[in-house]
Amino acid sequence: MEKADFSSLPEIFWRKGFPGRSTLPKRKFARCGMAKSNYDKIRMKKIVLRAEGYLELDMPEHALAEVQKASDHNLLFHPNLLYLEGAALYQLKRYRDALYPLGQAVLLEPANLRIWLLIGSCQKRIGRCDLAIESLENALVLRPDSAVAMYNLACYQALAKHPTESLQYLRRAIHIDDKYRELAQKESGFDSLRTLEEFQKLVHPPSEEEHP
């Protein structure tokens, strides 16, 4: 299997002035195995649970307020909390700002697929499909059988006017999970492919009735 090279990860997030900005003051970051007091662990767990709950309720401002508490208490930030901050900013449509904590999160935990997926979505929404493609390619190196990563990458390739690559990844995604066939029928990101016969055959296969 291809080995992921994360030596140039920062370039994906900060290239050409697309970092967003940190919405919080300086933090301390926790890597795997870094010791913390039991009290801090309990306090951080409560903050994370509350932030997750607010995001599920579509209350991103409240989620950010919980993240702020971790900063105020000078707790060690870990990738999950940074991801939650990015997800809250994403819900607020502050996509550039979201890339800052998400970039920090993936540098601390580069094998986390959901971080890569959200990074790619942010990059797409600021008009940088080229960077979104890079992010999803990294995700597939880590999870080569991820149908959602293939589907998203197919969409970004279509938006970047790369029909051959887009169809390749879409076909692989549908092969793993047929639900992406129906999703592709409605996804506006594939509009540039709709006149292609290959795309139509892929998302509208002949029914059994038509071919007894």
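As a reminder, the structure under discussion sits directly above these lines.
Please read these numbers as outputs of a predicted model, since none were measured by experiment.

> Is there a simple way to explain the overall build of the protein chain in this structure?
Within the protein chain one finds 11 helices and two strands. Starting at the N terminus, the α and β elements of the protein chain follow one another as α-β-α-α-β-α-α-α-α-α-α-α-α. In the structure as shown, the protein chain presents an accessible area of about 11,400 Å², 52% of it carried by carbon and sulfur atoms.

> Help me understand the packing of helix H8 (residues 147-159) against helix H9 (residues 163-176), please; the structure alone is not making it clear to me.
Describing two packed helices takes the angle between their axes plus the distance from one axis to the other. For the pair H8 and H9, the least separation of the axes is 8 Å and the interaxial angle reads 155°. As summarised for this structure, H8 and H9 are arranged roughly antiparallel, according to the angle between their axes. You can see that H8 and H9 cross each other, and the crossing is left-handed. On the side of H8, the interface is formed by Ala-147, Met-150, Tyr-151, Leu-153, Ala-154, Gln-157 and Ala-158, while H9 contributes Glu-165, Ser-166, Tyr-169, Leu-170, Arg-172, Ala-173 and Ile-176. Here the contact of H8 with H9 is composed, by residue class, of 10 nonpolar, two polar and two charged.

> Help me understand the packing of aromatic side chains, please; the structure alone is not making it clear to me.
Two aromatic rings, taken as a pair, are described by how far apart their centres are and by the angle between their planes. A full pass over the atoms with the stated rule returns four aromatic pairs. When the ring of Tyr-151 is compared with that of Phe-190, the centres are 5.6 Å apart and the planes differ by 70°; the resulting orientation is edge-to-face. Linking Tyr-151 in helix H8 with Phe-190 in the loop between helix H10 (179-186) and helix H11 (197-203), this pair joins segments that are 39 residues apart in sequence. Each member of the pair, Tyr-151 as well as Phe-190, is classed as buried. One Lys or Arg, Arg-114, reaches over the ring of Tyr-83 and ends 3.8 Å from the middle of that ring.

> Is there a simple way to think about the side chain of Gln-157 in this case?
Its place among the elements puts Gln-157 in helix H8. Take Gln-157: its relative accessible area is 5%, and that puts it in the buried class.

> Could you clarify how one ought to interpret H8 in this entry?
Because each turn of an α-helix spans 3.6 residues, side chains separated by three or four positions end up pointing in the same direction. In this model H8 runs 18 Å from its N-terminal to its C-terminal C-alpha over 13 residues, within 8% of the 18 Å that 1.5 Å per residue would give. Extensive coverage of H8 is indicated by the burial of 11 of its 13 residues. When H8 is considered as a whole, its buried residues turn out to be Ala-147, Ala-149, Met-150, Tyr-151, Asn-152, Leu-153, Ala-154, Cys-155, Tyr-156, Gln-157 and Ala-158. Phi for Lys-161, located one or two positions after H8, is positive at around 65°.

Rules behind the numbers
- Residues numbered from 1 in each chain as written.
- Predicted model: local features only at pLDDT ≥ 70, side-chain atom pairs only at ≥ 80, totals over all residues.
- Heavy atoms only, no water.
- Helix = DSSP H or I, 4+ residues; strand = E, 2+ residues; numbered from the N terminus.
- Areas by Shrake-Rupley, 256 points an atom, 1.4 Å probe, with all protein chains shown as cover.
- Axes fitted to C-alpha atoms, helices over the stretch in contact; angles between N-to-C directions.
- Parallel < 35°, antiparallel > 145°, perpendicular 65-115°, else oblique.
- Left-handed = near helix turned anticlockwise from the far one by under 90°.
- Contact = heavy atoms within 4.5 Å.
- Nonpolar A, V, L, I, M, F, W, Y, C, P; charged D, E, K, R; others polar.
- Phe/Tyr/Trp six-rings, centres within 6.5 Å; stacked < 30°, edge-to-face > 60°.
- Buried < 20%, exposed > 50% of the residue type's maximum accessible area, 1.4 Å probe, protein only.
- Lys NZ or Arg CZ within 6 Å of the ring centre and 35° of its normal.
- Expected span 1.5 Å × (residues − 1).

Shape is all these values report; function is a separate question.
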